[in-house]
Amino acid sequence: MREVLRLEREAWCLHEHDRHAAAAHYELACTLARELIMTAPQHSDNWYQLGSMLYTLGEWYLEMGDYEAATAALDGAEATYTRQGEEETGELIADVVLRRARVHAAARRPLSAIVDAQHAALSALDPGRPLESTARVLAHVGRVQLMIGGDPDLAAAAADWSVRAYLSMFRTIDPAALESAHAIALRVAANVSQAVHTAAGRHDLARAAHKLVMATGGSIECPGSEYIRCHQPTLARVLGAAECDGLPPSFTASTPEDRILVPAMRCHTRPCPGLAKTLARLQFGVPDRDQLLLGLEAHAIFAAAAQQPATGTPVQAGDFVPSWAAVTVNFGQRMFEQDELSAAADAVGWLNGIIGQLVPRALIDSDTRSVVLDCLHWQHRIHAATGDSKAADRISRTITTLADPVF
């Protein structure tokens, strides 16, 4: 362990002027930590040390723009903390998932980003979590949702929740008087709030947020109010244009009292795949921009429903998984048509898991088999178009097998 700690100290010393060398030192420290765990798996300190280093490594790779390495590091951190049990490490896992949501957003993987951001938000709102920790998480959740083209109302609601919490806890908004993580989070929340409220014409809220932006250090990278106004409709606006009457009025409520901060919270008790299926049906016949928001929202609710014990069994999940697959294909295709190849690949990745839930039924049910084959053909087209011949060949073999199953 002494060598691990030495490498960790050296990595931090290198970080300011040579991030690649710092990351290399940290990778070596992680390798040694894994070796220690193999020889003494019962020592929980070694697991926590590895999880902490992988969490930091994920942030460093994010800063460097190496999103694949960042994702791998954070996946490793989540697996390491999960090994210790969610009861002991639930807050740590939520922080890892939030950081991974930021990576996905930067890498333009909106389907993965919204699911991780949503998971982090719901975990942060657990009554046992410290208020300052929840405020920090929700600030970044608001920004992630805005960056990936989510509902601006939800982004602002999460950011405003964070701002109110910070203002209730601290007597000052001077960044120098706050811990770095909280100063950054407050600045992030203020920027998101200002951008969305300005776009929506909520001038009093926008002016208050602007003062906070100036007090906390100025602007950050974030969609501007004009861009939001022209290109990022709220779900309320999309549903109004579609003249949808199949959803409860509270589904798009966005006042602070409603506490709807992520898509799954639109369903007040537990994630409701029936409401997500309504969103999925509305995708067809509306502009591409509106299709993308409907697909993102439906995907997030489907993903939350799939994680619920009451709806996560294969039989019950089968009731909504075909709709989830259709949403994912449609979202991925719209992204592909806009040359957003990372987002299209993200959809391909999600389909792998979604199709996996349908395959047992597809072997005995022709309608389900047709859905799976449609998904596989779309995946094949994306792999072929992006030059991934190995993946395309693998999909081709699966199509051949499933198209003529042997019973």
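In this text the structure is predicted, and so the values were computed from the model without any measurement. (Residues numbered from 1 in each chain as written. Predicted model: local features only at pLDDT ≥ 70, side-chain atom pairs only at ≥ 80, totals over all residues. Heavy atoms only, no water.)

### Some points on the overall build of the chain
Heads up, the rule is: In DSSP terms, a helix is any run of H or I states spanning at least four residues, a strand is any run of E spanning at least two, and both are numbered starting from the N terminus. Here the globule rule reads 2.2 Å times residues to the power 0.38, and the radius of gyration is calculated from C-alpha atoms. Each residue is placed in one exposure class: buried if its accessible area under a 1.4 Å probe, protein chains only, is under 20% of its type's maximum, exposed if it is over 50%, and partly exposed if it falls in between. Any two residues whose heavy atoms approach within 4.5 Å are treated as being in contact. Exposure was quantified through the Shrake-Rupley algorithm and a 1.4 Å probe, taking into account, for residues, occlusion by the shown protein chains and nothing else. Just so you know, the count uses Lys and Arg for positive and Asp and Glu for negative, and it drops His and the chain ends. Think of each charge as sitting on NZ of Lys, CZ of Arg, CG of Asp or CD of Glu.
For the chain, the helix and strand inventory stands at 19 helices and zero strands. Here the C-alpha atoms of the chain give a radius of gyration of 22 Å, agreeing with the 22 Å that 2.2 N^0.38 yields for 407 residues. Counting only C-alpha atoms, the chain reaches 65 × 60 × 40 Å along its principal axes. Relative to its 407 residues, the chain shows a buried fraction of 51%. Of the contacts formed within the chain by residues at least 6 apart in sequence, a portion of 67% connects residues at least 24 apart. For the chain, the exposed surface amounts to about 18,800 Å²; the carbon and sulfur share of it is 54%. For the chain, the distance from the average site of its 35 positive side-chain charges to the average site of its 48 negative ones is 2 Å.

### Focus: the nonpolar core
Quick note on the threshold: Residues enter a nonpolar core if they are buried and are Ala, Val, Leu, Ile, Met, Phe, Trp, Tyr or Cys, with the set joined through side-chain atoms within 4.5 Å.
If you look at the biggest cluster of nonpolar residues, it comprises 94 residues, and the most contacted ones within it are Val 141, Leu 239, Phe 251, Leu 261, Leu 279, Leu 294 and Leu 376. When neighbours within four sequence positions are excluded, Phe 251 is seen to be in contact with Leu 235, Leu 239, Ile 260, Arg 266, Leu 275, Leu 279 and Ile 301. If you look at the next biggest cluster of nonpolar residues, it comprises 28 residues, including Ala 23, Tyr 26, Leu 50 and Leu 62.

### Points about the side chain of Asp 116
Selection rule: By the criterion applied in these results, polar contacts are pairs of N or O atoms within 3.5 Å in which, for protein atoms, one can donate a hydrogen and the other can accept it, and in which residues neighboring in sequence qualify only through two side-chain atoms.
Position of Asp 116 relative to the elements: it lies in helix α6 (residues 110-124). Classification of Asp 116 by relative accessible area gives buried; the value is 9%. There is a polar contact of 2.7 Å between the side chain of Asp 116 and the side chain of Arg 100. With sequence-adjacent residues up to four places away left out, Asp 116 is seen in contact with Val 97, Arg 100, Ala 101 and His 104.

### Comments concerning the confidence of the model for the chain
So the rule is basically this: pLDDT measures the predictor's confidence residue by residue and takes values from 0 up to 100.
Looking at the chain as a whole, its pLDDT mean stands at 89, while 94% of the residues score no less than 70. The low-confidence segment residues 311-315, where pLDDT is below 50, has eight contacts with residues more than four positions distant or belonging to other chains.

### Here we look at the layout of surface pockets
Using the following cut-off: Put plainly, a pocket is an open set of points on a 1 Å grid over the protein atoms alone with protein on both sides within 12 Å along at least five of seven lines, a cavity is a set where a 1.4 Å probe fits but cannot get out, and a lining residue has an atom within 4 Å of a point. Grid points are joined across faces, edges and corners, and a volume is the space filled by probe spheres set on the points. Gly is placed with the polar residues, together with every amino acid not listed as nonpolar (Ala, Val, Leu, Ile, Met, Phe, Trp, Tyr, Cys and Pro) or charged (Asp, Glu, Lys and Arg).
Reported here for the largest pocket is a volume of approximately 810 Å³. At the level of secondary structure, the elements contributing two or more residues to the lining of the largest pocket comprise α1 (2-15), α3 (44-64), α5 (86-106), α7 (131-147) and α9 (180-200). A volume near 630 Å³ is recorded for the second largest pocket. Along the wall of the second largest pocket there are 26 residues; nearest its centre are Arg 108, Met 147, Ile 148, Gly 149 and Tyr 227. For the lining of the second largest pocket, the secondary-structure elements that each account for two or more residues are α5, α7, α11 (225-231), α14 (288-306) and α16 (321-337). Broken down by element, the residue count for the lining of the second largest pocket peaks at four residues, all from α14. Of the residues belonging to the lining of the second largest pocket, the class tally is 16 nonpolar, five polar and five charged.

### Side note on the side chain of Arg 136
Tracing the chain through its elements places Arg 136 in helix α7. Non-local contacts of Arg 136, meaning those with residues more than four positions away in its chain, are made with Asp 95, Leu 98, Arg 129, Tyr 166, Ala 181, His 182 and Ala 185.

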